[in-house]
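Overview (structure and organization)
Now for the letters of each chain:
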Amino acid sequence: MAAVQVAGSLPSGQPREAPREAIPERGNAFRRLSARLCALRPDDSSSARTEIHLLFDQLISENYSEGSGVAPEDVSALLVQACRLVPLNQNHLVSKVSQLIHHLLNRLQVIVDEQHLDFLLAYTISAIHQCSSWTHMEILQALAALVYCNGSKCQKYLPELLGKTGLLMKLSDLAQSDPEVRRAAVHCMANLCLSMPGQPYLEEPYQNICFQAFLTILQSPKSSDMDDITFCMLLQNALKGIQSLLNGGRMKLTQTDELGALLAVLKKFMFHGLPGLNIEMPTVLYPTPLPQYDGRTPIKPQQSESSASRPTLNKKKKSKVKPKKIQQGEEEEKESSGEIEAASVTGTGRVNLHEGNTWSPSSLGVQSLPLDGSGAAGKDGVSSPFSSSSWKRVSSSESDYSDAEGGMQSKMRSYQAKVRQGALVCFLSTIKSIEKKVLYGYWSAFIPDTPELGSPQSVSLMTLTLKDPSPKTRACALQVLSAILEGSKQFLSVAEDTSDHRRAFTPFSVMIASSIRELHRCLLLALVAESSSQTLTQIIKCLANLVSNAPYNRLKLSLLTKVWNQIKPYIRHKDVNVRVSSLTLLGAIVSTHAPLPEVQLLLQQPCSSGLGNSNSATPHLSPPDWWKKAPAGPSLEETSVSSPKGSSEPCWLIRLCISIVVLPKEDSCSGSDAGSAAGSAYEPSPMRLEALQVLALLARGYFSMTQAYLMELGEVICKCMGEADPSIQLHGAKVVMFWTMMLNGPLPRALQNSEHPTLQASACDALSSILPEAFSSLPNDRQILCITVLLGLNDSKNRLVKAATSRALGVYVLFPCLRQDVIFVADTANAILMSLEDKSLNVRAKAAWSLGNLTDTLIVNMETPDPSFQEEFSGLLLLKMLRSAIEASKDKDKVKSNAVRALGNLLHFLQPSHIEKPTFAEIIEESIQALISTVLTEAAMKVRWNACYAMGNVFKNPALPLGTAPWTSQAYSALTSVVTSCKNFKVRIRSAAALSVPGKREQYGSVEQYARIWNALVTALQKSEDTIDFLEFKYCASLRTQICEALIHLLSLASASDLPCIKEILELNGNMVQSYIVQFLKSGAEGDDTGAPHSPQETDQMVRMALKHMGSIQAPAGDTARRTIMGFLEEILAICFESSGSQGALPGLRNQ
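Analysis parameters
- Residues numbered from 1 in each chain as written.
- Predicted model: local features only at pLDDT ≥ 70, side-chain atom pairs only at ≥ 80, totals over all residues.
- Heavy atoms only, no water.
- Helix = DSSP H or I, 4+ residues; strand = E, 2+ residues; numbered from the N terminus.
- Buried < 20%, exposed > 50% of the residue type's maximum accessible area, 1.4 Å probe, protein only.
- Contact = heavy atoms within 4.5 Å.
- Areas by Shrake-Rupley, 256 points an atom, 1.4 Å probe, with all protein chains shown as cover.
- Axes fitted to C-alpha atoms, helices over the stretch in contact; angles between N-to-C directions.
- Parallel < 35°, antiparallel > 145°, perpendicular 65-115°, else oblique.
- Left-handed = near helix turned anticlockwise from the far one by under 90°.
- Nonpolar A, V, L, I, M, F, W, Y, C, P; charged D, E, K, R; others polar.
- Expected span 1.5 Å × (residues − 1).
- Arc of directions from axis to C-beta.
- Phe/Tyr/Trp six-rings, centres within 6.5 Å; stacked < 30°, edge-to-face > 60°.
- Lys NZ or Arg CZ within 6 Å of the ring centre and 35° of its normal.
- Salt bridge = Lys/Arg side-chain N within 4 Å of Asp/Glu carboxyl O.
- pLDDT = per-residue confidence, 0-100.

**Description of the overall build of the protein**
Secondary structure assignment for the protein yields 57 helices and two strands. Of all 1152 residues assigned to the protein, the portion counted as buried reaches 56%. For the protein, restricting intrachain contacts to residue pairs at least 6 apart in sequence, the fraction spanning at least 24 positions comes to 74%. Surface exposure of the protein reaches about 48,300 Å², of which carbon and sulfur atoms provide 53%.

**Some remarks on helix α31 (residues 652-662)**
Along an α-helix, residues three or four apart share an orientation, since each turn contains 3.6 residues. The buried fraction of α31 is high, at eleven of eleven residues. Among all positions in α31, only Trp-652, Leu-653, Ile-654, Arg-655, Leu-656, Cys-657, Ile-658, Ser-659, Ile-660, Val-661 and Val-662 are buried.

**What about the packing of helix α4 (residues 46-61) against helix α6 (residues 91-107)?**
Put simply, α4 and α6 touch, their axes get as near as 10 Å, and they point 20° apart. Looking at the two axes, α4 sits roughly parallel to α6. As α4 packs across α6, the resulting crossing turns out to be left-handed. Taking contact as the criterion, the partners of Arg-49, Ile-52, His-53, Phe-56, Asp-57, Leu-59 and Ile-60 in α4 are, on α6, His-92, Leu-93, Lys-96, Val-97, Gln-99, Leu-100, His-103 and Leu-104. Here the residues of the contact of α4 with α6 sort into eight nonpolar, four polar and three charged.

**Some remarks on helix α40 (residues 780-793)**
Look at α40: 20 Å from first C-alpha to last across 14 residues, which is about the 20 Å you get at 1.5 Å a residue. Within α40, the full set of buried residues consists of Arg-782, Gln-783, Cys-786, Ile-787, Val-789, Leu-790 and Leu-793. When α40 is viewed along its axis, its buried side chains cluster within an angular range of 165° and face the same direction.

**Some details on the packing of helix α8 (residues 136-147) against helix α11 (residues 179-193)**
The N-to-C vectors of α8 and α11 enclose an angle of 10°; their axes lie 8 Å apart at closest approach. Classified by the interaxial angle, the pair formed by α8 and α11 is roughly parallel. Of the residues in α11, those touching α8 at His-136, Met-137, Leu-140, Gln-141, Leu-143, Ala-144, Ala-145 and Val-147 are Glu-180, Val-181, Arg-183, Ala-184, Ala-185, His-187, Cys-188, Asn-191 and Leu-192. Of the residues belonging to the contact of α8 with α11, the class tally is eleven nonpolar, four polar and two charged.

**Description of the environment of Pro-664**
Along the polypeptide, Pro-664 turns up in the loop between α31 and α32 (685-701). Residue class for Pro-664 comes out buried when judged on its relative accessible area of 3%. Placed 17 residues apart in sequence, Pro-664 and Ala-681 show a C-alpha to C-alpha distance of 5.1 Å.

**Description of the packing of aromatic side chains**
Scanning the entire structure with this criterion turns up 13 aromatic pairs. Each ring, one from Phe-427 and one from Phe-446, has its centre 4.5 Å from the other, and the planes form 35°; the classification is tilted. Here the residue Phe-427 occupies a position in helix α19 (residues 403-433), and Phe-446 occupies one in helix α21 (residues 443-446), the gap between them amounting to 19 residues. Phe-446 carries the same exposure label as Phe-427, and that label is buried. With a centroid separation of 5.6 Å and an interplanar angle of 80°, the aromatic rings of Trp-564 and Trp-652 are classed as edge-to-face. Linking Trp-564 in helix α27 (residues 559-567) with Trp-652 in helix α31, this pair joins segments that are 88 residues apart in sequence. There is no split in this pair, since Trp-564 and Trp-652 are both buried. Three or more aromatic residues joined by ring pairs form one cluster here, namely Tyr-440, Trp-443, Phe-491 and Phe-508. Cation over ring: Lys-267 sits above Phe-446, and NZ or CZ is 6.0 Å from the ring centre. A cation over a ring is seen here: Lys-568 above Trp-652, with NZ or CZ 4.6 Å from the ring centre.

**Focus: unusual backbone geometry**
The backbone phi angle of Cys-149 is positive, close to 60°, even though this residue is not glycine. Position of Cys-149 relative to the elements: it lies in the loop between α8 and α9 (158-162). Notably, Ser-558 is not glycine yet its phi reads approximately 100°, a positive angle. With respect to the helices and strands, Ser-558 occurs in the loop between α26 (533-549) and α27. On the accessibility criterion, Ser-558 (30% relative accessible area) is partly exposed.

**So, the pattern of salt bridges**
With the rule as written, the count across this model stands at 18 salt bridges. Here Asp-468 ties to Arg-420 by a salt bridge, and the two come within 2.6 Å at their closest N and O atoms. Here Arg-420 lies in helix α19 and Asp-468 lies in the loop between α22 (461-467) and α23 (471-485), a separation of 48 residues in the sequence. The pair Asp-468 / Arg-420 is uniform in exposure class, with both members buried.

**Examining the confidence of the model for the protein**
Averaged over the protein, the pLDDT score is 77; the fraction of residues at 70 or greater is 75%. Confidence, read as mean pLDDT per element, is least for helix α1 (residues 2-9) in the protein (34) and greatest for α26 (95). Considering only residues more than four positions removed or in separate chains, one finds that residues 613-648, a stretch of pLDDT under 50, has 76 contacts. Throughout residues 1142-1152 the model reports pLDDT below 50, and contacts reaching past four residues in sequence, or to other chains, amount to 14 contacts.

**Brief notes about the environment of Pro-72**
Structurally, the position occupied by Pro-72 is in helix α5 (residues 72-85). Pro-72 sits in the partly exposed class, given a relative accessible area of 42%. With 32 residues separating them in the primary sequence, Pro-72 and Leu-104 have C-alpha atoms 10.0 Å apart.

Written as structure tokens, this is what we have:
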């Protein structure tokens, strides 16, 4: 009776009736069988058991599918009733009801609601305890289906399942005799770890228990009683469990050994079953910049020869197989490649078109890599890592693969490929859960390096990309590589191979450069060899990520040229995803370190160079006004005229992009162009948007080349702004560099379109991208229009618009033609100060950046001969700006970094007439205290760098009472603390630069204060190589240079009373200081973030001036300090003169 009441109490509103009517037979059959089941009462007679058996068989044999009109709550209620009818002493019935639970939940894709979950969990757990061992496999399958995405609702049972003596822990243990039961228990654990987005996830103690269990399984060898396929499925479940913990559980890997152990097993199983490869990995991988241990077993010669590229021997073997098997193999390959989406992994934030060979257009919005683990296959088996979360495309059974169709060997290869894919997707989740600086410690374990002569190439992600027979696995490897490369610009910036290094060791910079070269070589090899369009798209996107982050200005030429020449034919590929990603790659090339001479030469190549014309879906290039004459519908063969042979084109890429944006397609594209609007004569939107993006990048980085197309580009932009598609309008606005035409209509309309704030914000960004020279050449009324619109939009209630406006004003205030306009600067200041009080962090961050720019303008104006600007600028507004900057310095780091920059500039700008007023005294004190606090705080390094920079600006104002004011000692104490102990060397460099700003001895304060500064700088010099972060090593030389400059500067200002403390420190550390100063003099000051480098002559002159100053000090009789310091400086000069071979000037200096 209870079962009937539960079923009857469930809501049965009208919304469920519609799908039931859609397929009435299936829905009615389920309801009919359900009603018969609910009518039964517990009965231990044989006839009752027979009836229950028959009902269960009928329910299992029903042909269910999504949209069968069966409500999830009805399924749950039926399962509860079924369990109530089956006592636990009936093993066969328990096995049958477990099959029913497993079958219904998987076929109908039902996640059991909390109302029924408690009863069903209690039943299945009791069944495992009480029933015979032969039933455990089916019961565990039922349990896995029940806990799927329900881990957070199983808290009551977690101790019994995952405790020290928990059920799943026992059954998944290595000692478990039945391998299938062990695998099913691990599957249950993996499903427990899975959580849907927005739902609570497993508690941390149980996360750690599961993680260690999964890791132990992956580290353990295959037992002798387990067959290969069961072992593969076990590995897949363990990998899926770790992936779920890292994604949905937000688990953080903080311990080096824990992370190293995981990476070791992931690297091992990335190559699981790969033909011709068998690697042995250490238990733990440790972070190191050196090549990792790689214990590959030797492979046979014939295998190594065929593995240079993907083997063709397999294809020959396939041709000898029966036609039916060929067809099956082809279908499997097609299905594998079809499930891979052209996922955006380059980090460029551009529009991408997702599709597969067998997908409908409705799948275009689905993300690839469902890392949250959603998708029904996770319930029943191990889902393909690249499968969509839609349940329509998921197999409901682990045994769907038929041995008769593919054979055991083919089935084995399929399962091994799934293990490799699972390891790669788990690695991708690992990458996203750890900091990049931690990840790059393992760079050499996964990224290839150029092999030495005679030694084999180390196994890496590129090994899979080049040699794995499965296109899906190759795509997985490429997505992982893209994730590693994304955001690697700072790490790769140390690379350098512009000069030949002939040393006894390989510098780290050369090793990274070698790795970058090898990545280029391997990815270009993969590009040529790849046949799958989806994997080809991933290769090109991976190349784009590499190009966006590699420091080509520090590398030898030709890398970009090779990429450029190989990608050009793919612009006309039949698959739209390949065409879009090819344009993305070209955009990355023209944006990296622009303008690069190598890229300028590439842009000037003839338009036909390297562009194939087979299977073309991209318009040909034609005369300057080609696109105006082209009709919308017909082919362009009549209107498209090829460029004269041998003619010199200013920039073929601009013409190509304009053609893509405005010209109709030449021919009908294949089904891969499903992303374009039905009946559209133009290229698909993603293709046109990417072309507009490339045009914007060209205009920004290579403006001299775009000048030849000013009229065409202006009209193209106007055409884009007039289109109905808002995304085309938005990207068209980004290309706006051709202002007079735009400001006569389209752009003001976009700026005033309050119904589309995103378009308004993009139009503001377009206004802010105008070059100062272009703005000054605009008619006066157009200039006024730009300024008026921006000041007006600053009052917008939309945060996107307000942020874009604040940024644009910060750009305009730096324009030479505007920065001396007191009224404009004051109006901009008031607008920015208003935005600084906005509730949106993004608006405040943009406003703080603009305030920093505005105060930079104040400093520039102060340095002009005309004092009128300083005299006319309002003192009250200065007070207001100081107060706002002080408040902003207490905000988030994004705001704080520019707020302290503004404070330093404002305190530098203050005139004696301001400082003398009592109203300024308190605000000056507060401002300096805010800077001191920021210098000392544990904020982001950019914030502290800006605070030290600001302090140096404060010291530049001679009107401030530096040296006598109470805040003097606090300011110097903060800077000396940073220069000796900050982890970031760039911050140390900036603090040392600030300490060398004061130009008079009295500004350094008392003798004790001077001694503390001198001592701190010597200590900082001594510790200039003490760092555990390898990224800081490249700043060591710049830090020593700046400290040496500061020490020499302090010597050139020292008074007689300062000499004893200087002598005392030199007696202790003189040799160390001397060696660094000699090195500084020999090499000159290297370029760093403090300004222009000094020549050796200038640094030599600095020491001479300090020596001359020491000679002029009137020391008391019998004082040896002055003589000691002069001897120290003379010895430095003598060492330098001896090394350079010019000693003649030294005696004269001594006589002097």
